[in-house]
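Structural description and commentary
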Amino acid sequence: MRKSKSINAEKIICAVYFIGFFVMAMTLMLYQPHVDHISEVPLSPPDEYFRMLIPKFICENGTLPTGLEEEVRITGCGFSYGLYNVLPYIIQGYFMRFVRLFTDSELMLLYAGRVINVVFGLLMAWVVYLLGKRVFKDSRFRWLFCFAVMYLPEGLFVHTYINTDSCCMLSTAVILYALVWGYQDGFDYKNCAWLGVGIILCALSYYNAYGYILCSIVLFVAFFINKKDRWRIDWNNMMKYGIFTSVIVLIGAGWWFVRSYFVLDGDILGLKTKECLALLYSLEETSPLNTYQAKGIGIYQMLRENRFFQCLYDSFIAAFGSLSIRGNYWTYLSYKLFFGAGIVGFVGAWIFDKDMRKMNFKQVFFHLNMFLCAVLPLIIMIDYAYTMNYQHQGRYILPSLIPIMYYTVRGIERLAALKIKNYEIPKLLVNLGVAFALFIAIGSAVYMVFFKALPIYLGIGMML
């Protein structure tokens, strides 16, 4: 009887997890405005109008833009999102082309593009659920991890408008799931196929997450290095599964970089072309000659200006529209408490739990790479801010989300199990603590969508 009740509870929580995400994502997708110019009221999603130009071009022409066309150029900045990796735009553009067989409504085409990212979000929720089952045995902390990842307001937000961030977030989940699966059960053709798909999605969506590709290669190779009496490399399996994964990636992603090489005169990443176009067509305030680096201002001074890290933190948690719809004081404080509990749990366990310090070489190496996956998007973002005047927006570091939430929830789990001189935290307090953490994760998302953003959207209506 008790097992049957736990199974039913699991199904109910699972339904809440997926349906809740879908309802909130669809609400934002349907009601947030889309303006056809740079508005005085920045309530539309970040740069969605200029991002929309790429799938719209594909929809109208049936071909990919080179990024050099004037009609896809970003007003004021001079370059185009068509220079970047455009897999999500390709899917959105051809789906919009299909929808256009039935209607020419601009609103329906916008929804067609946006709904692709909602689907990416649902797929990510599924992969995060699978990942949670592998890394957390206790269902309380498994669900806390799943909700913490998928219900972070800013993370949910990027799955509701036209961008490449959503696909990138899915790719990080797929890569991490494949790596954890491989390290737990050994690499085989199935998890190597997952890894290959994750790398393709990452390579063709967002440069900020390329650290995951690097770390996945390093971790894959490291798995086949073993030490008994001496270091040995399992060349046979490493080559067999490595070649299999590489072929998948080359077929799925290689074509884009070959195309860029020929279309952009050898510039496979499009960054040099972007800078040239910006120099030619940008306004003075957005020119590459107007960056902190170009002005000779140091990085340290940049980081001290405009509350850099505070704004970065706030917009990592919740900042809808063009950073214009923010949570209240408690929204950001509650997440500080959440992250703080995770840090305290890890530090406490490290001091008082000797078993935590007993990790083999592969475990240590795996966690070092996960640390890199969390830190590299921040380093890349600071570099972009310094060399290209990117705003300090939290969405640029969202690829760090899964490692951050994993270590936070793991720290809370360690805190709940901590023993100091044979004293254990009572189970009731642990359950209340987990319930409070879940309230932070779920409550913040519900508050931002239905009590902050939706009333503003309903007040202004859809702008086209």
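Quick summary incoming for the structure in this document. (Residues numbered from 1 in each chain as written. Predicted model: local features only at pLDDT ≥ 70, side-chain atom pairs only at ≥ 80, totals over all residues. Heavy atoms only, no water.)

Quick word on the side chain of threonine 160
With respect to the helices and strands, the residue threonine 160 is situated in the loop between helix 6 (153–157) and helix 7 (165–185). For threonine 160, a relative accessible area of 0% puts it in the buried group. A distance of 2.6 Å separates a polar side-chain atom of threonine 160 from the backbone oxygen of phenylalanine 157. In this view, threonine 160 contacts Ala25, Leu28, Met29, Gln32 and Arg114; residues no more than four positions away in its chain are not counted. (Helix = DSSP H or I, 4+ residues; strand = E, 2+ residues; numbered from the N terminus. Buried < 20%, exposed > 50% of the residue type's maximum accessible area, 1.4 Å probe, protein only. Polar contact = N/O pair within 3.5 Å; in protein donor to acceptor, adjacent residues only side chain to side chain. Contact = heavy atoms within 4.5 Å.)

Describing a nonpolar patch on the surface
A surface patch of nonpolar side chains, about 770 Å² in accessible area, is lined by Ile343, Val347, Trp350, Ile351, Phe352, Met359, Val364 and Leu368. Only helix 15 (329–352) and helix 16 (361–388) provide two or more residues apiece to the nonpolar patch. Broken down by element, the residue count for the nonpolar patch peaks at 5 residues, all from helix 15. By secondary structure assignment, the location of isoleucine 351 is in helix 15. (Patch = residues over 30% accessible without salt bridge, like charges linked within 9 Å, V, L, I, M, F, W, Y side chains within 5 Å. Areas by Shrake-Rupley, 256 points an atom, 1.4 Å probe, with all protein chains shown as cover. Salt bridge = Lys/Arg side-chain N within 4 Å of Asp/Glu carboxyl O.)

Side note on helix 7
With 21 residues, helix 7 extends 30 Å from end C-alpha to end C-alpha; this agrees with the ideal 30 Å at 1.5 Å per step. Of all the 21 residues making up helix 7, 19 are buried; the element is thus mostly covered by neighbouring parts of the structure. A positive backbone phi angle near 90 degrees is found at glycine 186, which sits one or two residues after helix 7. (Expected span 1.5 Å × (residues − 1).)

Things to note about helix 17 (residues 401–417)
Taking 1.5 Å per residue as the helical rise, helix 17 with its 17 residues ought to reach 24 Å, and the 24 Å between its terminal C-alpha atoms agrees with that figure. Across the 17 residues of helix 17, 12 count as buried, placing the element largely inside the fold. When helix 17 is considered as a whole, its buried residues turn out to be Leu401, Ile402, Pro403, Met405, Tyr406, Thr408, Val409, Arg410, Gly411, Ile412, Glu413 and Ala416.

Describing the packing of aromatic side chains
By the definition in use, this model includes 42 aromatic pairs. For the ring pair tyrosine 189 and tyrosine 241, a centre distance of 5.0 Å and an interplane angle of 70 degrees mean the geometry is edge-to-face. Here tyrosine 189 is found in helix 8 (residues 189–203), whereas its partner tyrosine 241 is found in helix 10 (residues 235–263), with 52 residues between them in sequence. Classification of tyrosine 189 by relative accessible area gives partly exposed; the value is 42%. A centroid spacing of 5.2 Å and a plane angle of 90 degrees characterise the contact between phenylalanine 223 and phenylalanine 224, whose relative ring orientation is edge-to-face. For phenylalanine 223, a relative accessible area of 17% gives the class buried. Taking NZ or CZ as reference, arginine 51 lies 4.6 Å from the ring centre of tyrosine 81, over its face. (Phe/Tyr/Trp six-rings, centres within 6.5 Å; stacked < 30°, edge-to-face > 60°. Lys NZ or Arg CZ within 6 Å of the ring centre and 35° of its normal.)

Comments concerning the nonpolar core
Membership of the largest hydrophobic core comes to 147 residues, with the highest contact counts inside it found for Tyr17, Val128, Phe145, Tyr335, Phe338 and Met405. Considering each element in turn, this core owes the most residues, 15 residues, to helix 4 (residues 106–135). What phenylalanine 145 contacts, discounting residues up to four positions off in sequence, is Val128, Leu131, Gly132, Phe136, Ile402, Met405, Tyr406 and Val409. (Core = buried A, V, L, I, M, F, W, Y, C linked by side-chain atoms within 4.5 Å.)

Examining the packing of helix 8 against helix 9 (residues 210–223)
The geometry of helix 8 relative to helix 9 is characterised by a closest axis approach of 9 Å and an angle of 155 degrees between their N-to-C directions. In terms of orientation, helix 8 and helix 9 fall into the roughly antiparallel class. Remark: the crossing between helix 8 and helix 9 carries left-handed chirality. Residues Cys192, Leu195, Ile199, Cys202 and Ala203 of helix 8 form the contact with helix 9, whose own contacting residues are Tyr210, Ile213, Ser216 and Phe220. In the contact of helix 8 with helix 9, the residues fall into 8 nonpolar, 1 polar and no charged. (Axes fitted to C-alpha atoms, helices over the stretch in contact; angles between N-to-C directions. Parallel < 35°, antiparallel > 145°, perpendicular 65-115°, else oblique. Left-handed = near helix turned anticlockwise from the far one by under 90°. Nonpolar A, V, L, I, M, F, W, Y, C, P; charged D, E, K, R; others polar.)

Comments concerning the packing of helix 7 against helix 8
At their nearest, the axes of helix 7 and helix 8 sit 8 Å apart, and the two run at 155 degrees to each other. Viewed along their axes, helix 7 and helix 8 adopt a mutual orientation that is roughly antiparallel. Judged by the twist between their axes, the crossing of helix 7 over helix 8 is left-handed. Every residue of helix 8 that contacts helix 7 at Cys167, Leu170, Ser171, Val174, Ile175, Tyr177, Ala178, Leu179, Trp181 and Gly182 is listed here: Lys190, Asn191, Trp194, Leu195, Gly198, Ile199, Leu201 and Cys202. For the contact of helix 7 with helix 8, the per-class residue count stands at 13 nonpolar, 4 polar and 1 charged.

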